Amino acid sequence: MITTTQNYLIETPAATDVTLNRWYDIWMENYKIGRIKPTTIDTYNWLYDKHIRYTIGEHALREFHPVHIQKLYNDFLKKGYSAKYLNTLHCMLNSLFKTSMINELIDINPCSFADRPSGEVIERRVLSVEEEKMIRTAIRQKRFSHIEPAITTLLGTGMRIGELLGLRWDDVHIFDNNTTVLGVAPSSFITVSHTLVRIKNPDHIGSRHVLQLPKTKNSIRVIPLQKSVIEALKRQKLIQEEYQKSNLWEPDREFEGLVFAGKKGQPQWRSTVVSSIDTVVRYINEQERIKAASAGLTPREIKPVLPHSLRHTFATRCLEAGIPAKVVQEWLGHASIKMTMDLYTHVSVSLSAEYMLSLEANRTIAK
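Residues numbered from 1 in each chain as written. Predicted model: local features only at pLDDT ≥ 70, side-chain atom pairs only at ≥ 80, totals over all residues. Heavy atoms only, no water.

Engineer: Help me understand the overall build of the protein, please; the structure alone is not making it clear to me.
Structural biologist: In terms of helices and strands, the protein carries 14 helices and five strands. When the 367 residues of the protein are sorted by exposure, 41% land in the buried category. A separation threshold of at least 6 residues defines the contact pool for the protein, and within that pool the share at least 24 residues apart is 65%. When the accessible surface of the protein is summed, it comes to about 21,900 Å², and 54% of that surface belongs to carbon and sulfur atoms. (Helix = DSSP H or I, 4+ residues; strand = E, 2+ residues; numbered from the N terminus. Buried < 20%, exposed > 50% of the residue type's maximum accessible area, 1.4 Å probe, protein only. Contact = heavy atoms within 4.5 Å. Areas by Shrake-Rupley, 256 points an atom, 1.4 Å probe, with all protein chains shown as cover.)

Engineer: Help me understand the packing of helix α6 (residues 129–138) against helix α10 (residues 270–295) in this model?
Structural biologist: Helix-helix packing is described using two parameters, namely the angle between the two axes and the distance between the axes. Where α6 contacts α10, the axes come no closer than 10 Å and their chain directions differ by 105°. With respect to each other, α6 and α10 are oriented roughly perpendicular. On the side of α6, the interface is formed by Met134, Ile135 and Ala138, while α10 contributes Val280, Tyr283, Ile284 and Glu288. Tallied by class, the residues present in the contact of α6 with α10 amount to six nonpolar, no polar and one charged. (Axes fitted to C-alpha atoms, helices over the stretch in contact; angles between N-to-C directions. Parallel < 35°, antiparallel > 145°, perpendicular 65-115°, else oblique. Nonpolar A, V, L, I, M, F, W, Y, C, P; charged D, E, K, R; others polar.)

Engineer: I would appreciate a short explanation of the pattern of salt bridges in the present structure.
Structural biologist: Any two side chains of opposite charge can pair if their charged atoms end up close together. A full pass over the atoms with the stated rule returns 18 salt bridges. Linking Asp49 and Arg53 is a salt bridge whose minimum nitrogen-to-oxygen distance equals 2.8 Å. Assessed through its relative accessible area of 34%, Asp49 is described here as partly exposed. A salt bridge links Glu242 to Lys245, with the nearest nitrogen and oxygen atoms 3.0 Å apart. Linked through salt bridges whose partners overlap, the residues forming this network are Glu130, Glu288, Lys291 and Arg300. (Salt bridge = Lys/Arg side-chain N within 4 Å of Asp/Glu carboxyl O.)

Engineer: Would you explain the sheet that holds strand β5 (residues 221–224) in this entry?
Structural biologist: By way of backbone hydrogen bonds, the strands of a sheet pair with one another, either parallel or antiparallel. Reading across from one edge, β1-β2-β5 is the order of the three strands in this open sheet, with antiparallel pairing throughout. The open sheet is flanked by β1 (172–173) and β5, the only strands paired with a single partner. Where β1 lies against strand β2 (residues 189–192), two bridges are found, and the strand directions are antiparallel. Note on β2: the bridge partner recorded for Val172 is Ile190. (Pairing = 2+ DSSP bridges.)

Engineer: Got a minute to help me understand the packing of aromatic side chains in this structure?
Structural biologist: Each pair of aromatic rings is reported with the distance of its centres and the angle of its planes. Counted by the stated rule, this structure contains ten aromatic pairs. With 4.6 Å between their ring centres and 20° between their planes, Tyr81 and Tyr85 make a pair best called stacked. Here Tyr81 falls in the partly exposed class, since its relative accessible area comes to 26%. When the centroid spacing of 6.2 Å and the interplanar angle of 40° are considered together, the rings of Phe314 and Trp331 count as tilted. Taken together, the residues Phe314 in helix α11 (residues 307–320) and Trp331 in helix α12 (residues 325–332) connect sequence positions 17 residues apart. Using a relative accessible area of 5% as the deciding quantity, one classes Phe314 as buried. Among the aromatic residues, ring-to-ring pairing joins Tyr24, Trp27, Tyr44 and Tyr48 into one connected group. (Phe/Tyr/Trp six-rings, centres within 6.5 Å; stacked < 30°, edge-to-face > 60°.)

Engineer: Even after reading the chapter, I still don't get the confidence of the model for the protein, so can you show me in this structure?
Structural biologist: Regions with low pLDDT carry predicted coordinates that are not meant to be interpreted in detail. Averaged over all residues, the pLDDT of the protein equals 85, while 86% of them reach at least 70. Taking the mean pLDDT of every element in the protein, the minimum, 47, falls on helix α1 (residues 5–8) and the maximum, 97, on helix α7 (residues 148–157). Overall, residues 1–9 carries pLDDT values under 50, and its contacts beyond four positions in sequence, including any with other chains, amount to two contacts. Under a pLDDT of 50 for its full length, residues 180–185 has, in the predicted model, five contacts with residues more than four places off or in other chains. (pLDDT = per-residue confidence, 0-100.)

Engineer: What is the right way to read the environment of Ile108 from this model?
Structural biologist: Structurally, the position occupied by Ile108 is in the loop between α5 (83–102) and α6. With a relative accessible area of 43%, Ile108 lands in the partly exposed category. Distance in space between the C-alpha atoms of Ile108 and His65 is 8.6 Å, their sequence separation being 43 residues. Excluding residues that lie within four positions of it along the chain, Ile108 makes contacts with Pro66, Met101 and Phe113.

Engineer: Explanation requested: the environment of Asp107 in the structure shown.
Structural biologist: Within the secondary structure, Asp107 sits in the loop between α5 and α6. Take Asp107: its relative accessible area is 63%, and that puts it in the exposed class. As for Asp107 and Arg62, which are separated by 45 residues in sequence, their C-alpha atoms are 8.2 Å apart. In terms of polar contacts, Asp107 uses its side chain to reach the side chain of Arg62, at 3.5 Å. (Polar contact = N/O pair within 3.5 Å; in protein donor to acceptor, adjacent residues only side chain to side chain.)

Engineer: In this structure, what is going on with unusual backbone geometry? I would like to understand it.
Structural biologist: As a rule of thumb, non-glycine residues mostly have phi less than zero, and peptide bonds are mostly trans rather than cis. A positive phi is found at Glu104, a non-glycine position, where the angle reads about 60°. For Glu104, the position within the fold is in the loop between α5 and α6.

Engineer: So what exactly am I meant to see when it comes to a negative patch on the surface here?
Structural biologist: A cluster of like negative charges, contributed by Glu250, Asp252, Glu254 and Glu256, occupies part of the molecular surface. Using a relative accessible area of 48% as the deciding quantity, one classes Glu254 as partly exposed. (Patch = residues over 30% accessible without salt bridge, like charges linked within 9 Å, V, L, I, M, F, W, Y side chains within 5 Å. Lys, Arg positive; Asp, Glu negative; His and termini not counted. Charge placed at Lys NZ, Arg CZ, Asp CG, Glu CD.)

Have a look at this one:
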């Protein structure tokens, strides 16, 4: 029973007067904050302020019709925004209008009748076998010892960059050759249970790191470790032990035990890893130009590489090796096997052709 309507109920003006901006603030406070991740809240606020608040936000909710939403979407596509970008905007607006309809401020949700792109599959940047070999060779040098374990781990596990930077030593389970469980030597593995993200401070001045649950429930997973990754993690442990000897080592309690912490024990920015990978690629390209010039050849330069490219490279190598897509899906933390195969159609087509040739070869032998 409601006893104090003044304090309990949201004071809303007449339905004809409620603007999109007014409802967005009510919607965010009562339907989203505390229910969705802080990073998603930051994304919605950024999108809304950039595209809606100062353009159409002062119009009343009842003024919007499907044709207005359709024109908004069409304009976004004309400006070159991707289908994924538009889908994020649609998810926000659809929820915004849907809740206003539930609260009887409008009669229909205009987003329900607007066509939007389903989202074309974008070709992912995947390192060729040669490019991967060039990077693995380059990072063995002493100058790259600080970033080598991270790159090797990304290439060997397919983790997202936030998952890597949120990895804790408690999540790493490495067994030596003498360890047995019921007479069987267990496989080493890591558990992915957190991701490191950056969100705005409450006062909107600056930002900070927080550890939160991974992208989806499927992202919480176990990834078995290759020998190369095990050795890389051991090297990272030694690097960190050197950092800990310094007077600078002073991690916040919230971030104690991070595997890939910075020199002071602080969580690392994603941009730091990106910058380090850029340095490796620049070094490789410089060396290639020098070798090519002396031999009168065209240099084999590598295009820019982002951390997510290493994830796509891992997945591609797995499928090329004939590892079942269902297993790759679990290692990547995809919600469905369709998502895995949609991203790596080029590999599945290639494998399909190989299987057909193999079938033909077997028939020839049988004759």
